[in-house]
Amino acid sequence: GMVGRVSLNEERRCLTCASERGYGIYLSVPLERYCWRSFAGGGFSFAELFGQSRVLALVGGRPSPCGFSESSIVLWDDESSRRLWELKLFSPIVGVITRRGFLAAVLENKLVLYRIAHDFSWVRLERSLETLANPSGICTMSSPTTLSASSVVDKNIPWLVAAFPSLKEGGIRLALRKMDKGGEGEVSLPASRGSRPEEDRWFVVTHDDAHKHPIAHLALNRDGSYLASASRSGELIRLWGTQQGTSLVLMRELRRGSTAAAIYSISFSAKSDILCCSSDSGTVHLFSLQPAQSSLHARSNSYLMQAVNSVQSGQRGFAQTEMKTGGAPVLCGIGNFTIERRRRNVVTERQEERLIVVTSTGEVCTCLLPPSTDRDGFFKFDSRRSINFGTEDILSDDEFVSDESDDQEDDD
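**Points about the overall build of the protein**
No. 1: Along its length, the protein carries one helix and 30 strands.
No. 2: As displayed, the protein has an accessible area near 18,300 Å², and 47% of this comes from carbon and sulfur atoms.

Laid out in structure tokens, this is it:
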């Protein structure tokens, strides 16, 4: 069955699916259904988990179940099946991002930022910012953490960074938030006259000429120190440094391809040394973000790893795979997982960094990073499983079996 919307949580360990019948939560690696909740009378356009809690931000679909709507966000406790809060926004919600202690609601022309208690005992609207028409809900947020920064930003004060389109086509705005040392965000800043103290915790940086074409996708790394941006042409991904706190600084350009494509998904690894991206071309690309000479992935086709930092050509990826989804959206993410293996009566645990790719038909593919590639830089997944979203079942179960049997079509 087709999916309404699938998303990976902050740590990439959980997958949530919003559909016209309800929502589902799955553990991503190894793939396992945690729960499927059906609602009478309708479903959801967004279902986003807060970290690894069991609280979700739910936005009603068309039609919505009783008590939900397209223009409000309900904070829903899955464990007790009850509403904690309702955030009414009075116009349709086109994007939702949840982080520990924060929520961003994306409206067609506005971004609304909320601060939320870790135990969900209170919610506070902190900042509302205008954007260019943004019907696809383009926005990204870092995880609340320490950003070691210079100039405006005090060193080692934790920050949260949100990035979204500015009021000019091809432009980007960053909203940066000051927090206290404990990360709880209750910094006591001097209040400026006539404004609420929480507004003073945010400052906004605008970079209006990031791309020639309209922004199509934005992704921040975990601590908000790097921002990846792609325009509607989809040929280049620009990597910006946000540390200066006063402007975006172009660090490098990554070349996805030489033909236009709609980029669906961009994600950084936890250490920000690899970036993955997927597009409607059906290809998932992996780029190394390390200095070319000291590459961790040198064993993966070193000649592909020569980072060409010239602005004309852009650095190419070191590995790629074809998804053959016929242009349907593909979500990709990189996460760290504890994999348990049993041999006879011995259980061993090991940490693995894995790429996860989810298709809109419910196929979930993963592979260990860095992947082993053929001479053309193509790699295969070592686990492919399918979820029949909207029902209880996971269809195939080939737990980490190599896909050597799959015919790999060469892409000349």
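**Here we look at the sheet that holds strand 5 (residues 44-49)**
No. 1: What the four strands build is an open sheet, ordered 5-6-7-8; its pairing is antiparallel. What marks the edges here is a single partner per strand, and that holds for strand 5 and strand 8 (82-88). The mean angle between the axes of side-by-side strands here comes to 20°, regardless of whether they run parallel or antiparallel.
No. 2: With six bridges connecting them, strand 7 (residues 72-77) and strand 8 associate as antiparallel partners. For Ser72, the partnering residue across the bridge sits in strand 8 and is Lys88.

**Describing the sheet that holds strand 2 (residues 14-19)**
No. 1: Taken in spatial order, the four strands line up as 1-2-3-4 in an open sheet, and their pairing is antiparallel. Each edge of the sheet is formed by a strand with only one pairing partner; in this case those strands are strand 1 (5-8) and strand 4 (32-38). Going from strand to strand, the sheet's axes swing by 15° on average, the running direction of each strand aside.
No. 2: Where strand 3 (residues 22-27) and strand 4 come together, six bridges link them in antiparallel fashion. Pairing of Tyr26 across the sheet is with Arg33, part of strand 4.

**Some words on the nonpolar core**
No. 1: Phe50, Ile73, Leu75, Leu89, Val96, Leu103 and Tyr114 are the most contacted members of the largest nonpolar core, which totals 18 residues.
No. 2: Breaking this core down by element, the ones donating at least two residues are strand 6 (55-60), strand 7, strand 9 (93-99), strand 10 (102-107) and strand 11 (110-116).
No. 3: Excluding residues that lie within four positions of it along the chain, Ile73 makes contacts with Ala57, Leu58, Val59, Trp85, Glu86, Leu87, Leu89, Ile93, Val96, Leu103 and Ala105.
No. 4: Counting 17 residues, the second-largest nonpolar core is a separate cluster that includes Val284, Met323, Ile334 and Cys367.

**Overview of the pattern of salt bridges**
Pairing of side chains with opposite charge becomes possible as their charged atoms draw close.
No. 1: Using the criterion set out here, one finds 18 salt bridges in the structure.
No. 2: Residues Arg375 and Asp376 are paired through a salt bridge, measuring 3.6 Å at the closest nitrogen-oxygen approach.
No. 3: Arg375 sits in the exposed class, given a relative accessible area of 65%.
No. 4: Beyond isolated ion pairs, a larger network of salt bridges with shared partners links Arg341, Arg350, Glu352, Arg354 and Asp382.

**Concerning the confidence of the model for the protein**
No. 1: Taken as a whole, the protein shows an average pLDDT of 82; of its residues, 79% reach a score of 70 or greater.
No. 2: At the level of individual helices and strands, the protein shows its lowest average pLDDT in strand 14 (residues 145-146), which scores 58, and its highest in strand 7, which scores 98.
No. 3: Of the regions scoring below 50 in pLDDT, residues 181-195 engages in 28 contacts with residues more than four places distant in sequence or in other chains.
No. 4: Counted against residues more than four places away or in other chains, residues 293-312, with its pLDDT under 50, gives 40 contacts.

**Section: the environment of Phe268**
No. 1: Residue position: Phe268 is located in strand 22 (residues 263-268).
No. 2: Contact partners of Phe268, with chain neighbours within four places excluded, come to Arg12, Ala219, Leu220, Asn221, Tyr226, Leu227, Ala228, Leu239, Ile274, Leu275, Leu289 and Ile334.

**A few points about the side chain of Arg12**
No. 1: Position of Arg12 relative to the elements: it lies in the loop between strand 1 and strand 2.
No. 2: In this structure, Arg12 is buried with no salt-bridge partner, the nearest side chain bearing the opposite charge being Glu11 at 7.9 Å.
No. 3: Within the local environment of Arg12, its side chain forms a polar contact with the side chain of Ser267, the two groups lying 3.1 Å apart.
No. 4: Excluding its chain neighbours within four sequence positions, the residues that come into contact with Arg12 are Ser28, Ser267, Phe268, Gly333, Ile334, Gly335, Phe337 and Ile356.

**A word on unusual backbone geometry**
No. 1: Going from Val29 to Pro30, the amide bond is cis rather than trans, its omega being -15°.
No. 2: Structurally, Pro30 can be placed in the loop between strand 3 and strand 4.
No. 3: For Phe90, which is not glycine, the phi dihedral falls at a positive 65°.
No. 4: Topologically, Phe90 is positioned in the loop between strand 8 and strand 9.
No. 5: Under the relative-accessibility criterion, Phe90 is labelled exposed at 74%.
No. 6: With phi around 60°, Ser272 is a residue other than glycine that occupies positive phi space.
No. 7: By secondary structure assignment, the location of Ser272 is in the loop between strand 22 and strand 23 (274-279).
No. 8: Judged by relative accessible area, Ser272 falls into the buried class, the value being 12%.

**Brief notes about the pairing of strand 3**
No. 1: Burial runs high along strand 3: five of the six residues are buried.
No. 2: Across six bridges, strand 2 lies against strand 3 in antiparallel orientation. Its bridge partner being in strand 3, Thr16 is matched across the sheet by Ile25.
No. 3: Taking the residues between adjacent antiparallel strands as the criterion, strand 2 and strand 3 are bridged by two residues.

**Some details on the packing of aromatic side chains**
No. 1: Applying the stated criterion to the full structure yields nine aromatic pairs.
No. 2: On the numbers, 4.9 Å between centres and 90° between planes, the contact of Phe39 with Phe44 is edge-to-face. Note on accessibility: Phe39 and Phe44 belong to one class, buried.
No. 3: These aromatic residues form a ring-pair network of at least three members: Tyr23, Phe39, Phe44, Phe68 and Trp76.

Criteria and thresholds
Residues numbered from 1 in each chain as written. Predicted model: local features only at pLDDT ≥ 70, side-chain atom pairs only at ≥ 80, totals over all residues. Heavy atoms only, no water. Helix = DSSP H or I, 4+ residues; strand = E, 2+ residues; numbered from the N terminus. Areas by Shrake-Rupley, 256 points an atom, 1.4 Å probe, with all protein chains shown as cover. Pairing = 2+ DSSP bridges. Axes fitted to C-alpha atoms, helices over the stretch in contact; angles between N-to-C directions. Core = buried A, V, L, I, M, F, W, Y, C linked by side-chain atoms within 4.5 Å. Buried < 20%, exposed > 50% of the residue type's maximum accessible area, 1.4 Å probe, protein only. Contact = heavy atoms within 4.5 Å. Salt bridge = Lys/Arg side-chain N within 4 Å of Asp/Glu carboxyl O. pLDDT = per-residue confidence, 0-100. Lys, Arg positive; Asp, Glu negative; His and termini not counted. Polar contact = N/O pair within 3.5 Å; in protein donor to acceptor, adjacent residues only side chain to side chain. Phe/Tyr/Trp six-rings, centres within 6.5 Å; stacked < 30°, edge-to-face > 60°.

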